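Residue-level structure breakdown
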Amino acid sequence: MKLQATELPLLRGGILATAGLCGLAGILLEHGTYPGETTILVARGLSLCAVLLFLGEQVLSWRNLGSFKKYTRKRWPTFALSVLLVLELTGALLGRESTWMAAAMKSLHATELTNAYLLIIQLYIVSVFAVELPHMQQRFARWRVRPALAFVLVFLVLLICGTGLLMLPRATPDNQPITLLDALFTSTSAVCVTGLVVRDTGSGFTIFGQTVILVLIQLGGLGIMSLTAALSLLLGRGIGVRESSLLREVFHVPMMVEVGRMVRIIILMTLTIEAVGSVLLYQGLAGNLPATGARLFHAVFHSVSAFCNAGFSLFSDSLMNHAGQPLVMGTISGLLVIGGLGFGVVIQIWAWLKGRLLDRRNKKHRLDLHTQVVVVVSVFLLVGGGLLLTLLEWNHSLAGQPVALKMSQAFFQSATCRTAGFNSMDLNLLTPASLFLMIILMFIGGAPGSTAGGVKVTALAIVWANIRSVGRGVTRVRLGRWEIEQVQVQRSMLVLSAGLVVAAVSIFILLITERQDLLPTVFEVFSALGTVGLSLGLTAKLSVAGKLLVAVLMFMGRLGPLTLAASLVGRLAEPRIRFPKGRILIG
């Protein structure tokens, strides 16, 4: 029976959906629970169905494209995976003991590698299903979802999925089940790359649970939309107009045609930086973790957590026990600073450095205004905050330590409190002046388009330029030789004022619900709103209402007031009716 042209995509979609659901069910049964023999057989049967259905969908995809050459050119990753799957199934059907593949696997002692390989295949099938899902049903295309609203909805879906995964029995130790609220709080903290925890990440979660948290951090920090777009490009689907519009707003890319290239660069840059950080941390943790597997997992976890400015740590004291280890602290500092600058800024700095070395006269490699503002303000906050913390804590919490260690401790806390959330010293020993300084730095945060939170350094620069212009009696706002558009000034004032209003209301509510001292409460609110993750011990004491409020603050801090406002009210329009102008006395 010959299929019609319109029936083939529907059949492919149905097969892929079934494969994705089978693969997901197999993964959850085998790796998310403590399965018995029957459950393992069911899980592996579902996994086998997923693999076979995926291969069948690839055959139909080959037929849909018309030629084998075109199929291998457009979908070479899935073709390569299909070849490996066929070899794997052939070895299983013929009997592993009698095949060359079995002999090779046995000589390499690669049983664990095979299991990991099959798990990766299942995850890949589920990921393909997730990417193709919006395109399987024509009703999705007719929905007029605003980019900002789509971004919010994607994060909400990710929060819910993360909560469900952390609720699985295998995510936590046998005798330490997690409640729904704590799972939601942890998932929100990971997706919003905050780092506030209600249970210790190292001892309160198993390897499976820690891996879930690690994936949530990576998706939340890098942006699930960029990962979805990258997978779409890898599958040969390309990025549609609506996806390009959303990604253009997320990454501040000026032209839609640049989005695909930008996504590829961001993914490659992220993986490269995190890989380098993992290697350095693997060496730095040698004295603390002699076991190869455990040390490698710790290195990867902390590298991703640092670059994404998440602040999650598998050590119960964060990095306090590693304060005197230059390789560990230096690597973490470098990762969190790069992550807080923003992808666009890092790419432009790299191009500028290359241009300076190759052709110093080429104007093409000059830094634009955005990058200059981000770099200047970030350096000012890092150096200024470090110096102030050094002076304030010289004879207090840093007393008795070597001068070099004092300086490094202060500068690390200056960098980490601007959204990273790691701590190398006991915050409860700091003076109130130091804690207040850290609250200011937490509120400011990092750069737009980065993994950091806060009101952003660019908003601070524009607000400062506006205050300076008003003080001079000038109506136009300038930064250096550039004039700032009035809409950017208004947005910066909105971000700053909205952040302060939300913080004030939240502090008032927490003071009522938690009945704690003022300073720890203020510190907790700004830490959550700035997606920092530092705490003076209040997080573990939060009530149900307090946990829900802090979770909402983390979500708002990750998305930002502009994104939330745009998702609710839509596109701003100039009113047609003009009213008489009035004057109100100010000051």
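Residues numbered from 1 in each chain as written. Predicted model: local features only at pLDDT ≥ 70, side-chain atom pairs only at ≥ 80, totals over all residues. Heavy atoms only, no water.

Describing the overall build of the protein
Put simply, the rule reads: Each helix is a run of DSSP H or I of at least 4 residues and each strand a run of E of at least 2, with the numbering of both proceeding from the N terminus. A 1.4 Å probe rolled over the protein chains alone gives each residue an accessible area, and that area as a share of the maximum for its type sets the label: buried under 20%, exposed over 50%, partly exposed in between. Two residues qualify as a contact provided that any one of their heavy atoms is within 4.5 Å of a heavy atom in the partner residue. Residue exposure ignores everything except the shown protein chains as possible cover, and the areas themselves are Shrake-Rupley values with a 1.4 Å probe.
Looking only at helices and strands, one finds 25 helices and two strands in the protein. Looking at the protein as a whole, 48% of its 587 residues are labelled buried. For the protein, restricting intrachain contacts to residue pairs at least 6 apart in sequence, the fraction spanning at least 24 positions comes to 70%. Surface exposure of the protein reaches about 30,900 Å², of which carbon and sulfur atoms provide 67%.

Overview of empty space enclosed by the protein
Stated precisely, the cut-off is as follows: Definitions used throughout: a 1 Å grid over protein atoms alone; a cavity as a set of points that fits a 1.4 Å probe which cannot get out; a pocket as an open set with protein on both sides within 12 Å along at least five of seven lines; a lining residue as one with an atom within 4 Å of a point. Grid points are joined across faces, edges and corners, and a volume is the space filled by probe spheres set on the points. All amino acids are sorted into three groups, where Ala, Val, Leu, Ile, Met, Phe, Trp, Tyr, Cys and Pro are nonpolar, Asp, Glu, Lys and Arg are charged, and the leftover types, Gly among them, are polar.
The final tally for this structure, using the stated rule, is three cavities of 30 Å³ or more. By volume, the second largest cavity is sized at about 40 Å³. When residues of the lining of the second largest cavity are traced back to their parent elements, those giving at least two are helix 18 (369-393) and helix 19 (403-416). Partitioning the lining of the second largest cavity into residue classes produces five nonpolar, one polar and one charged.

Brief notes about the side chain of Ser 469
For clarity, the threshold we go by: Pairs of N or O atoms are called polar contacts if they sit within 3.5 Å, as long as, within protein, a hydrogen donor faces a hydrogen acceptor (for residues adjacent in sequence, only side-chain-to-side-chain pairs).
Here Ser 469 shows up in helix 21 (residues 457-471). A distance of 2.9 Å separates the side chain of Ser 469 from the backbone oxygen of Ala 465, its partner in a polar contact. If we skip the residues at most four places from it in the chain, Ser 469 touches Val 474, Arg 476, Val 477 and Arg 478.

Side note on the pattern of salt bridges
Where charged atoms from two side chains of opposite charge come close, those side chains can pair. Threshold: Salt bridge, as used here, is a side-chain nitrogen of Lys or Arg placed within 4 Å of a carboxyl oxygen of Asp or Glu.
Evaluation of the coordinates by the stated rule reveals two salt bridges. The closest approach of N and O atoms between Lys 547 and Asp 182, which form a salt bridge, is 2.7 Å. Taken together, the residues Lys 547 in helix 24 (residues 544-559) and Asp 182 in helix 9 (residues 180-191) connect sequence positions 365 residues apart. Classification of Lys 547 by relative accessible area gives buried; the value is 13%. The class for Asp 182 is buried, based on a relative accessible area of 13%. Taking the shortest distance from any N to any O, the salt bridge between Glu 483 and Arg 476 comes out at 3.9 Å. Exposure remark for Glu 483: the relative accessible area of 48% places this residue in the partly exposed category. Of the residues examined, Arg 476 reaches a relative accessible area of 56% and is grouped as exposed.

Quick word on the packing of helix 9 against helix 11 (residues 207-222)
We count it as follows: To obtain each axis, a line is fitted to C-alpha atoms, and for helices this fit is confined to the stretch in contact; angles are then taken between N-to-C directions over 0 to 180 degrees. Our angle categories are set so that under 35 degrees counts as roughly parallel, over 145 as roughly antiparallel, 65 to 115 as roughly perpendicular, and the remainder as oblique.
It is at 7 Å that the axes of helix 9 and helix 11 come closest, and there the two elements cross at 45°. Considering their axes alone, helix 9 and helix 11 lie oblique with respect to each other. Mapping the contact onto sequence places Thr 186, Ser 187, Ala 190 and Val 191 in helix 9 and Ile 213, Leu 216, Ile 217, Gly 220 and Gly 221 in helix 11. Partitioned by chemical class, the residues of the contact of helix 9 with helix 11 number five nonpolar, four polar and no charged.

Re unusual backbone geometry
In the Ramachandran plot, Val 193 falls in the positive-phi region, its phi being about 40° despite a non-glycine side chain. We classify Val 193 as buried; its relative accessible area is 0%.

With respect to helix 11
Threshold: Expected helix span is taken as 1.5 Å per residue step, with the number of steps being one fewer than the number of residues.
Relative to the 22 Å expected for 16 residues at 1.5 Å per residue, helix 11 spans 22 Å between its end C-alpha atoms, a close match to the ideal helical length. Burial analysis of helix 11 places 13 of its 16 residues in the buried class, the great majority of the element.

Observations concerning a nonpolar patch on the surface
In plain terms, the rule: Residues enter patches when their relative accessible area tops 30% and they take part in no salt bridge; the joining distance is 9 Å for like charges and 5 Å for the nonpolar side chains Val, Leu, Ile, Met, Phe, Trp and Tyr.
Taken together, the side chains of Val 501, Val 505, Phe 508, Ile 509 and Ile 512 make up a nonpolar region of the molecular surface, amounting to roughly 470 Å² of accessible area. Here Val 505 shows up in helix 22 (residues 486-514).

Brief notes about helix 9
For helix 9, built from 12 residues, the straight-helix expectation of 16 Å at 1.5 Å per residue is met to within 8% by its first-to-last C-alpha distance of 16 Å. In terms of burial, helix 9 is largely enclosed, as 10 of its 12 residues are buried. Regarding helix 9, the residues found buried are Leu 181, Asp 182, Ala 183, Phe 185, Thr 186, Ser 187, Thr 188, Ser 189, Ala 190 and Val 191. Two residues or fewer after helix 9 comes Val 193, characterised by a positive phi angle close to 40°.

Re the confidence of the model for the protein
Note the following rule: The predictor rates its confidence in each residue with pLDDT, a number between 0 and 100.
Taken over all residues, the pLDDT of the protein has a mean of 78, while the share at 70 or more is 71%. Ranking the helices and strands of the protein by mean pLDDT puts helix 23 (residues 518-529) first, with 94, and helix 12 (residues 224-234) last, with 47. Counted against residues more than four places away or in other chains, residues 108-114, with its pLDDT under 50, gives four contacts. Segment residues 136-141: pLDDT under 50, and eight contacts once partners within four positions in sequence are set aside and those in other chains are kept.

Re the packing of aromatic side chains
Note the threshold: Only Phe, Tyr and Trp rings are paired, with Trp represented by its six-membered ring, and only when their centres lie within 6.5 Å; those with planes under 30 degrees apart are stacked, over 60 edge-to-face, the remainder tilted.
Applying the stated rule across the entire model yields two aromatic pairs. With a centroid separation of 6.2 Å and 40° between ring planes, the pair formed by Phe 297 and Phe 301 is classed as tilted. On the criterion of helical spacing, the pair formed by Phe 297 and Phe 301 is a turn pair, its members being four residues apart in helix 15 (residues 292-307). The same class applies to Phe 297 and to Phe 301, which are both buried.

Section: the packing of helix 18 against helix 21
The N-to-C vectors of helix 18 and helix 21 enclose an angle of 95°; their axes lie 9 Å apart at closest approach. Of the possible angle classes, the one that applies to helix 18 and helix 21 is roughly perpendicular. For the pair helix 18 and helix 21, the contacting residues are His 370, Val 373, Val 374, Val 377, Ser 378 and Leu 381 in the first and Val 457, Thr 458, Leu 460 and Ala 461 in the second. Residue composition of the contact of helix 18 with helix 21, by class: seven nonpolar, three polar and no charged.

Observations regarding the environment of Val 191
With respect to the helices and strands, the residue Val 191 is situated in helix 9. Between the C-alpha atoms of Val 191 and Leu 219, which are 28 residues apart in sequence, the distance is 6.9 Å. If we ignore the near neighbours within four places in the chain, the residues touching Val 191 are Phe 155, Leu 158, Leu 159, Leu 216, Gly 220, Gly 221 and Arg 558.

Regarding the environment of Leu 60
Residue position: Leu 60 is located in helix 2 (residues 37-65). Through-space distance from the C-alpha of Leu 60 to that of Ile 15 is 9.8 Å; in sequence the pair is 45 residues apart.

Here's the deal with the environment of His 370
With respect to the helices and strands, the residue His 370 is situated in helix 18. Between the alpha carbons of His 370 and Val 345 there is a distance of 8.0 Å; along the sequence they are 25 residues apart.

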